[in-house]
Structure formats: C-alpha cells, structure tokens
Amino acid sequence: MDSNITPSNFIEQAIIDDIKEKGIKQIVTRFPPEPNGYPHIGHVKAMCIDFLTAEKFKGYTNLRMDDTNPSKESEHFVKALQSAIKWLGFRWKKMYYASDYYDFLFDCAVDLIKQGKAYVCDLSAEEISATRGTLTEPGKNSPYRNRSVEENLQMFMDMRADKYKDGEKTLRAKIDMKHPNINMRDPIIYRISHETHYRQGNKWCIYPMYDFAHPLEDAHEGITHSLCSLEFEDHRPLYNWVLENVRLVTGLKPRQIEFARLNLDGTIMSKRYLRELVEGGYVDGWDDPRMPTLEAFKRRGYTPSSIKEFCTRIGVAKSNSLVQPHILEACIREELNKNALRVMAVVDPIKINITNYDEKRTEKVLVSNNPLDPKSKKHTVIFSNELFIEREDFIEKPGAKFFRLTPNGYVRLMGAYIIKCYEVVKDELGNIDHLNCSIIYDAKEQGIKPKGTIHWLSRKHCKQIRTRKFGNLLKEGEVFESGMLDKIVNSNSMTENVSYIEPFGFKQKGNLQFVRMGYYIEDSKLSKKDDKIYLETVSLKDSK
RNA sequence: UGGGGUAUCGCCAAGCGGUAAGGCACAAGACUUUGACUCUUGCACUCGGUAGUUCGAAUCUACCUACCCCAGCCA
C-alpha cells in the first residue's frame, strides 16, 4: 500500500496515518444514501469524497442504500441515486442494501442481548424521552434495564414474531444513562414498525436504527473508512461501541471520519424542504431548475465534470461554510468556454433597420462556432435589412467608456458590417421603436475602426425560443417569450431542442457568451419562512 | 450551567514551531470581429481575542469570545 501519497485534505492525511499504523492493504469506502429523495448537490460532495478518496488510494467504493426506515424509502429513489452516480462518472464496486443485512443485524442484536449489553424496554416514546435527561442533566435508568438475558431474548424474539404493536417495545443498548453524550444514554437500536418495506415487504416488523446498523454494515463490507458529515461526530463513540461490543465483528474495524457538509448560498439542501416543495406542488418536480438537485443542475446545462470540479475546488474541511454559487458558475463557464458552440442571441431585442441595404436582399454570413478552437467549423447566419440587437447594446447618451451603438456612433455587427446609427425613432410615449442605421461599406477606406462588436439577428430569419421567469413567491412559472436565437443554429442538431438560453452568470459585460440548454433563473433563492416558500434571500436561520 | 466541533483575505481553502499556498470574486493594464477569453500586475506585516512558552508561534500552553451540532422508536 502506497503511503507516499500527498494528502490534499485531513481525511487523506488520516488515511495515510492509518495505513502506516494499521498496515491496511486496501482502502474501501462506501456511499450510503437513504433512498428517500433525489440526490442534490450536497450528495455530490459526499460522493466525490467517498469515491475520489478511495480512488486516490487505489481502493474502491461500495454503494449502499441505507434503507433501515421503511416509511420513507422507495425503489424509485434507488434508481435515481444510481443513475446520478453513473451520470457523474463514478463506479461502485458492489451494490448493497442495508435491508439485505437484516438477518445479520438481528444476530448482532441477539449477541448483545446474550452478553447482557442490550435489553428490551417497555417504556413509551414519551417516557424514554422524559428519562433521557437533558443536555445538562443525566438520564434515569429504565425500570426494564435489568431484565434477565433469557427474558430479553424471549421478548426480542417476540418482537420479531409480531407479538407487539408499534412503539410497544424497543431494544436498547445498555451503556450509561448518565453519559454526558446523549447518544450513549441507552440508545434504541431496534424499533417495531409495521410499515411495509419497499424491498422486504412485511417480512420484518422490527427495524434496526441507523446507529446500530451503520457500523455493522461498514464492518461487514470491510469498509476501512466510513466518511460522513459533521453531525455524526457525536455518534462516533456509539459507532465504536457497537464495533467493540458486537462479537460478530471480526477483523479490522472501520474508522468514521466526519467532514462539513455543503451549504450553497441561495438554496436549501434540506431533503425535507425539497420534498415539501415537490409534494406541495410549489415546483414542477425534482428536476425543476430552481431545485438544487442534480437533475435540475443537469437540466440547466451543468456537466458532470463541472460539478465534480466544483467539489474539488471547495475542498474538504471541518468548518461550516457557505459556498457562493459563483464558484460553481466559474467551473461550468471555464468548461463551456473551451467547447461551447457560440451562437448569437438576443434576449431583450430592439429593432434596427439598415436603410442602405436592399430589403429583398439577404446574405449568408459565416460565424465561427468557437473562435477559441482553430479547428472549429463555422455556421451560417442570414443577414438582412431588418435586424434585432440587444437593447442594452444601444445607449442614447453614453458614458465615455461605452463602446457599443450610440446615436451617430459606429459599431461592428459580429461577422458582418460596420454600421452607424443616424436616427432614433420613437413612439408617442417617447420609447424607442427602432433605430435607423446605415452600413459603412468603406469603413476601411475611411479608417473607421469601432471598438465594439455586438450580436445581431435577422428579424425575418431568427427563431424565438421560450424562457421562464419566476416571481418572488414560488408559483407555477409564468411562461413568456423573450429570447431569440439565430435560425441557423437551431438547425444544428445540438441545439435543436433548445428550450431556453441561460445567460445566468454568463452574460458578463457585453454580449452573451454562451448559449446552452437550460432554464433562466433570475436570482433564484430558495428559502422557507412562515410556512411559505420564498425565492427571496432569507437564510434558513431567519426562517426558523 | 453538559457533551462534541469550528474560528486563516468578500467566498472557499492550504498551513502541523522557522517567519501567510492556491482557486473564485474584485481592481488596473495589454490584446481582441464576443467590453468575453488569454496575458500581466495588484489584492491578509497578518491568522477570533488576551496573556504566556520560545531566538522564533497561525502553528505549543492557559484563559476568554463567537458560531455550528446533539435531548427522533429519522438518517
């Protein structure tokens, strides 16, 4: 095992130390989602850490559906998770389901009972809560804490044999009700539930708790490093307790290491809220472009590599952070800049007439698909006497640093002519109706060299596409027409299905830089307040 | 007032006793038939605070302060 790897974060450093100290031969990690929702960008960070860490050490990663709670899980989400992993380009070594471990887990519980380290408790949920103590006060022992091994064994068998109702009994680990760490105060490790499990049906009516199941699953699979988020730090003592006390665990014990989960500014990552948005009909679905789900990012035109690059850039640490979306945008922009097809587009059009160009005439103008790539082909755009240009590419009273079209000013139409605007035609209300311009055919001879180059479209030949705009309160999106693409590009198979152009983060000063499939989201901010879901910038903290 | 964590540039984040990496963002200049891209330059005498140890501290010690997580028969 190569321990001469340069660590790029504290987890890798810990693994290197483990390799040296414990003589681990191969690093094995696992990605253990619960199949109860679509994966979001936060899952991707975890995936990257799990898969990429193992990969770096030439180990492997298992995929495990952590389905120990029958009430919220479904096969549908299993598929969604799998396809997301594949889409990102990760490959798991083995696929497991926690629900496949139920027999093993049951045996582990029995082993604990036989050692007198677990007992069946008759306390109700309320009573358990009341006797657990508080953050500052110790808990009280359950009156059922000292049942005999035989009685416990019999009752646990009865629990499994469906002799009790939901909540009537639980199996608890016998640890220490006075432990300063609340997780160690005789945690429940099995509960009774008569809900139908999506894979096991009604075979079981008792289900193991996460804290009990997870370490055993890890150990069973030979996981060397169990990477999870910070909120499980408090659970690590319990994780280790289970591994140390269940005698069915043999061999090297996995080590749990925690990292800070991703918080992306302007959105919410809580699965509960996302579920609520979908189920409450506030958004169109899990792939609604306003959602932080992978499906939504995919729909907005983000590529797997750009999202993975984002995860690499934000790094892995233990401090709670709020990552700004501009980092993600920089990743996709960088990638698209290298390979995106360039087209001219006008989002907010203003009409211009070229008065010294025959109205029956058209010309085919060649524009490079990507000027950055010398081998890229060109596409044809049709030029005519009636054009659209971007409204903000014309200013009546420009400042000194405005290089685009102005009254009596010159500008270059990309790939075509240099024009001069000689008349601004307004309607009764004083709004600009159109501009009259003329082509300067002999610009070169006259030595006219405009500083600005702008996008344009032929009014008769461009194609309208649709974009979506959202209001402040999440509602059904209002569909309106606004963007336009040149027709030639739409005949190109790549953009045949363009439903929208996304200048989001891309329209930096001047012309639109890229056009890609997706939705236009105007300052989307997902948040929740007073039981309503808003698009405004309201932090989750404020909404509590 | 319990336990577990975290504090380094606007946002991420290296750093592990030898005198503050990098990315994003931002600013200035050069180039330019996308005001983009690219290039060049600038951007923490300072590491939550205060003491202390040391020739030397972001790194060690002590004491403060702020924020996050934990009292589901969720994960």
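Every chain begins its residue count from 1, and numbering advances along the sequence as written. Key to labels: chains lettered from A, ligands numbered from 1, both in the order written. Side-chain atom pairs in this predicted model are given and counted only at pLDDT of 80 or more, local residue features only at pLDDT of at least 70, and totals for whole chains, interfaces and linings cover all residues. Based on all heavy atoms of the structure, the side-chain values leave hydrogens and waters out of the count.

Colleague: Can you tell me about helix H11 (residues 304–314), naming the residues and giving the values?
Modeller: Exposure is judged per residue with a 1.4 Å probe applied to protein chains only, and the accessible area is read against the type maximum: over 50% gives exposed, under 20% gives buried, and values in between give partly exposed. Think of it this way: any DSSP run of H or I at least four residues long counts as a helix, any run of E at least two long counts as a strand, and we number them from the N terminus. Those residues of H11 lying buried are Ser306, Ile307, Phe310 and Cys311. Projected onto a plane normal to the axis of H11, the buried residues spread over an arc of 145° and lie on a single side. For this analysis, residues touch if any pair of their heavy atoms sits within 4.5 Å. Buried residues belonging to H11 abut helix H2 (41–56), helix H3 (75–88), helix H10 (294–299) and helix H12 (325–339). Note on H11: the residue one or two positions beyond its end, glycine 315, has a positive phi of about 75°. The arc under discussion is defined with respect to the helix axis, by the directions toward the C-beta atoms.

Colleague: Describe the sheet that holds strand E4 (residues 118–121), naming the residues involved and giving the relevant values.
Modeller: Only strands that DSSP links by at least two bridges are regarded as paired with each other. The antiparallel open sheet is built from four strands, whose spatial order is E4-E5-E6-E7. Where the open sheet ends on each side, the last strands, each with one partner, are E4 and strand E7 (206–208). Strand-to-strand twist in this sheet, taken as the mean axis angle between neighbours without regard to direction, amounts to 20°. Bridge count for E4 against strand E5 (residues 170–173) is four bridges, and the pairing is antiparallel. What sits directly across from cysteine 121, in E5, is threonine 170. To obtain an axis, a line is fitted to C-alpha atoms, over the contacting stretch when the element is a helix, and the angle between two such axes runs from 0 to 180 degrees between their N-to-C directions. Seen against the sheet, helix H6 (residues 149–160) touches E4, E5, strand E6 (188–192) and E7 and runs at an angle of roughly 60° to E4.

Colleague: Now, about the environment of cysteine 48: what can you tell me, with residues and values included?
Modeller: Considering the arrangement of structural elements, one finds cysteine 48 in helix H2. C-alpha separation for the pair cysteine 48 and proline 7, spaced 41 residues apart in sequence, amounts to 15 Å. Not counting the four nearest positions on each side in its chain, cysteine 48 is found in contact with Thr53, Phe90, Lys308 and Cys311.

Colleague: An account of the protein's contact with RNA strand B is requested, with residue identities and associated values reported.
Modeller: Throughout this document, a residue counts as near a molecule or strand when at least one of its heavy atoms sits within 4 Å of that molecule or strand. Of all residues adjacent to RNA strand B, which total 63 residues, the nearest are Asp234, His326, Arg342, Lys401 and Phe403. For RNA strand B, the backbone portion of the atoms within 4 Å of the protein, that is sugar and phosphate, comes to 61%. Under the rule applied, a polar contact is a pair of N or O atoms within 3.5 Å (in protein, one hydrogen donor and one hydrogen acceptor; residues adjacent in sequence only if both atoms are side-chain atoms). Note that a phosphate oxygen of RNA strand B is positioned 2.9 Å from one of the backbone N or O atoms of tyrosine 210. A distance of 2.8 Å separates a phosphate oxygen of RNA strand B from a polar backbone atom of leucine 322. At the level of elements, helix H5 (125–131), E6, H11 and H12 are the ones that each hand at least two residues to the surface near RNA strand B.

Colleague: I'd like to hear about the side chain of arginine 64, residue by residue, with values.
Modeller: Mapped onto the fold, arginine 64 is located in strand E2 (residues 60–65). A residue is classified by how much of its surface remains accessible, and arginine 64, at 0% relative accessible area, is buried. A polar contact is formed between the side chain of arginine 64 and the side chain of aspartate 218, at a distance of 2.6 Å. Beyond its immediate chain neighbours, meaning those up to four positions away, arginine 64 contacts Arg30, Phe31, Pro32, Pro33, Tyr96, Ala98, Tyr101, His214, Glu217, Asp218, Glu221 and Ile223.

Colleague: Break down the pattern of salt bridges for me, citing the residues and quoting the values.
Modeller: Salt-bridge detection follows one rule: a side-chain nitrogen of Lys or Arg within 4 Å of a carboxyl oxygen of Asp or Glu. Within this structure, the stated rule accounts for 25 salt bridges. In this structure, the salt-bridge partner of glutamate 217 is arginine 64, at a minimum N-O distance of 2.9 Å. Of the two residues, glutamate 217 is situated in helix H7 (residues 210–221) and arginine 64 in strand E2; the sequence distance between them amounts to 153 residues. Each of the two residues, glutamate 217 as well as arginine 64, counts as buried. For the salt bridge of arginine 160 with aspartate 103, the shortest nitrogen-to-oxygen distance reads 3.5 Å. Of the two residues, arginine 160 sits in helix H6 while aspartate 103 sits in helix H4 (residues 102–114), which places them 57 residues apart along the sequence.

Colleague: Give a description of the packing of helix H1 (residues 10–22) against H2 that names residues and reports values.
Modeller: As a packed pair, H1 and H2 sit with axes 11 Å apart at the nearest point and diverge in direction by 40°. Taken together, H1 and H2 sit at an angle that is classed as oblique. In this structure, the crossing between H1 and H2 has a hand that is right-handed. Of H2, the residues touching H1 (which contributes Ile11, Glu12 and Ile15) are Ile49, Thr53 and Lys56. Three classes are used: nonpolar for Ala, Val, Leu, Ile, Met, Phe, Trp, Tyr, Cys and Pro, charged for Asp, Glu, Lys and Arg, and polar for all others, with Gly counted as polar. Looking at the contact of H1 with H2 residue by residue, the class counts come to three nonpolar, one polar and two charged. Working definition: roughly parallel below 35 degrees, roughly antiparallel above 145 degrees, roughly perpendicular at 65 to 115 degrees, and oblique for all remaining angles. Note: crossing handedness is left-handed where the near helix turns anticlockwise from the far helix by less than a right angle, and right-handed where it turns clockwise.

Colleague: Now, about the pairing of strand E16 (residues 418–426): what can you tell me, with residues and values included?
Modeller: In the sheet, strand E15 (residues 410–413) pairs with E16 via three bridges, with the strands oriented antiparallel. Across the sheet, arginine 412 pairs through a bridge with isoleucine 418, a residue of E16. Two successive antiparallel strands, E15 and E16, enclose a turn made up of four residues, where glycine 415 displays a positive phi of approximately 75°. Pairing between E16 and strand E17 (residues 432–439): seven bridges, direction antiparallel. Bridging from a neighbouring strand, cysteine 421 pairs with cysteine 437 of E17. In this structure, the hairpin formed by E16 and E17 is closed by a connection of five residues, where glycine 430 is found at a positive phi of approximately 90°.

Colleague: I'd like a description of the layout of surface pockets, backed by residues and values.
Modeller: In this structure, the largest pocket encloses a volume near 770 Å³. The distinction between a cavity and a pocket rests on a 1 Å grid over the protein atoms alone: a 1.4 Å probe fits inside a cavity but cannot get out, while a pocket stays open yet meets protein on both sides within 12 Å along at least five of seven lines, and a residue with an atom within 4 Å of a point counts as lining. Surrounding the largest pocket, 30 residues form its lining, Pro32, Ser229, Glu231, Phe232 and Arg261 being those nearest its centre. For the lining of the largest pocket, the elements supplying multiple residues, two or more each, are strand E1 (28–31), H2, H7, strand E8 (225–229) and helix H9 (271–279). For the lining of the largest pocket, the element with the highest residue contribution is H2, accounting for five residues. In terms of residue class, the lining of the largest pocket is built from 12 nonpolar, eight polar and 10 charged. Grid points are joined across faces, edges and corners, and a volume is the space filled by probe spheres set on the points.

Take it as geometry only, folks, not as evidence of what the structure does.
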